[in-house]
Amino acid sequence: MAVREIMDSLGKQTVNNRKLSELVKDIKLVGDKLELIFRLPNKNLENEIREKALSALKDVEGVEDIEISFEMEQPVQSPAFHRTRLPGIKHLIVVGSGKGGVGKSTVATNIALSLSKLGYKVGLLDGDIYGPSIPTMLGLKNQRVEVDKFNRIIPAEAFGMKVMSVGFLLPSEDTPLIWRGPMLMKALTQFLFDVKWGSLDFLILDLPPGTGDVQLTLAQTVEIDGAIVVTTPQDVALSDVKKAVVMFKEVGIPVLGVVENMAYFVCPESGNKYYIFGKGKVLAFAQAYGLKILGSVPIEPEISETSDSGVPIVESSTNSQSAKAFLGIAKIVAEELERR
Ligand code: ADP
C-alpha cells in the first residue's frame, strides 16, 4: 500500500470545497497502521473530515488501523501584514530549502540562467548573507558594486543576468560576517528595494536555508509570486523541507513545486542509474502535500566543478542531464507564472 493510493482516495472526498488530500498535514504509514494529521480550517469541520476520511479509506487494502488527529490551520494572511510589490519586477520567485547543503544555490542559479536563456530578463539575488556562494558560481568572486547618485546599488552582471550578493560588499572574500537577524533582514530588504534592478521578468531570490524569522518576515514584507523548494531524497532533508512548505503555505505564498536534487547518479561506464539516496521518496512527499515535482536533477560531478570554476552547468555543458533538467524546470516555472 503506497501513500500515493491513500492520497488518491482522500482526493476523491471534499470538505468545504477542498479535497481532503489538500488538508493532509502529515501522513505516516507503519505496517498496517496509518496516522493522518489534518489541517483544520475551522473547528466545526472535525467530525466531517474524520467521517469522510474513514469512508474514503475503508476499502483501501493493507490499512487496518487508522489514527486521525487535527491541527488548526493558521490563517493565510494576517491583516497586520502590508506587503509591497517590487516595482518593475514582473515575477518574484523565492528558492528555499529546509536544510543547507541540498544544492539550493546551485538550483537557484541554474534556474535563473535557464530563464535567461529562454529569453527572459532575469535578476538573481543571493539571500545567503552568511555564506554567499553565488559570486563564486558565476565567476564574480572579486566583483564589487557601487551606488549611483540616488544611492541605489548598481548590480553586477553575469551571463546576461543582473546579480546581487552581500559578497560584493565585503572587503575580501574571507571576511566573516557576524550579523544578527534584524540586520540580516535589513540587508535583504535593502537588496530587494534599493538595488537598481530595472525592469525584469523574473527576480530569483535564493533564500537563506531554514524556516526562521528571516524567511517569515520577508514573506510578510514583499509580494512573492511563488516559491520553489529544493530537497534531496534523504529523509533528513525531506523532514526539514516539509517545514518550509508548511511555512510558505501559512504565509500565503504559492509553492510552485519541488526540485529533487541529487536524485540519482548515472554511472559513466555502464550507463546504469543508481538512486543513491533512495527512490520515490520525493514523489510521495510531493503527493502528500499536493505539490508538483518540477524536475529531478542527477548527481553530476561536473555540477560542482562548474560551480567552482564560475560557469554554471547550463552554460558550460548544455547537453548534460542536469542542464536539460534545469531548462525543463525553468520552462515549467515560466509557463505557470505567465499563465496566471
Ligand atoms: P545549498 O545552497 O543548499 O547550501 P549548494 O548549492 O551550495 O547548496 O551546493 C552544495 C554543494 O553541492 C556544492 O558544492 C555544489 O556544487 C554541490 N552540488 C549541488 N547539486 C549537485 C548535483 N546535483 N550534483 C553534484 N554536486 C552538486
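As shown above, the structure is provided for reference.
Participant: Can you break down the site of the ligand residue by residue, with the values?
Facilitator: Taken together, 16 residues surround the ligand, and among them Gly101, Lys104, Ser105, Thr106 and Pro298 come closest. In this structure, an oxygen atom belonging to the ligand sits 2.8 Å away from a main-chain N or O atom of lysine 104. Contacts to the ligand include threonine 106, whose side-chain N or O atom sits 2.5 Å from an oxygen atom. Starting from 570 Å² of accessible surface for the ligand in isolation, the protein chains cover 78%.

Participant: If you had to explain helix H11 (residues 321-339) to someone new, which residues and values would you point to?
Facilitator: Across its 19 residues, H11 extends 27 Å between first and last C-alpha, which sits within 8% of the 27 Å expected from 1.5 Å per residue. Along H11, the residues classified as buried are Ser322, Ala323, Ala325, Phe326, Ile329, Ala330, Val333, Ala334, Glu336 and Leu337. All buried residues of H11 lie within an arc of 165 degrees about the axis, which places them on one face of the element. Facing away from the buried side of H11 by over 90 degrees, the exposed positions are Glu335 and Arg339.

Participant: Report on the packing of aromatic side chains, specifying residues and quantitative values.
Facilitator: Aromatic ring pairs are reported here in terms of the distance separating the ring centres and the angle at which the planes meet. Counting across every chain of the model gives four aromatic pairs. Ring geometry for tyrosine 264 and tyrosine 275: centres 5.9 Å apart, planes at 55 degrees, overall tilted. One end of the pair, tyrosine 264, is in the loop between strand S12 (255-261) and strand S13 (265-266); the other, tyrosine 275, is in the loop between strand S14 (273-274) and helix H8 (281-288), and 11 residues separate them in sequence. Ring plane angle 45 degrees and centroid distance 5.2 Å describe the contact between phenylalanine 285 and tyrosine 289, whose orientation is recorded as tilted. Exposure class is identical for phenylalanine 285 and tyrosine 289. Each is buried. Over the ring of tyrosine 264 we find lysine 273; its NZ or CZ atom is 4.2 Å from the centre of that ring.

Thresholds applied
- Residues numbered from 1 in each chain as written.
- Predicted model: local features only at pLDDT ≥ 70, side-chain atom pairs only at ≥ 80, totals over all residues.
- Heavy atoms only, no water.
- Near = heavy atom within 4 Å.
- Polar contact = N/O pair within 3.5 Å; in protein donor to acceptor, adjacent residues only side chain to side chain.
- Areas by Shrake-Rupley, 256 points an atom, 1.4 Å probe, with all protein chains shown as cover.
- Helix = DSSP H or I, 4+ residues; strand = E, 2+ residues; numbered from the N terminus.
- Expected span 1.5 Å × (residues − 1).
- Buried < 20%, exposed > 50% of the residue type's maximum accessible area, 1.4 Å probe, protein only.
- Arc of directions from axis to C-beta.
- Phe/Tyr/Trp six-rings, centres within 6.5 Å; stacked < 30°, edge-to-face > 60°.
- Lys NZ or Arg CZ within 6 Å of the ring centre and 35° of its normal.

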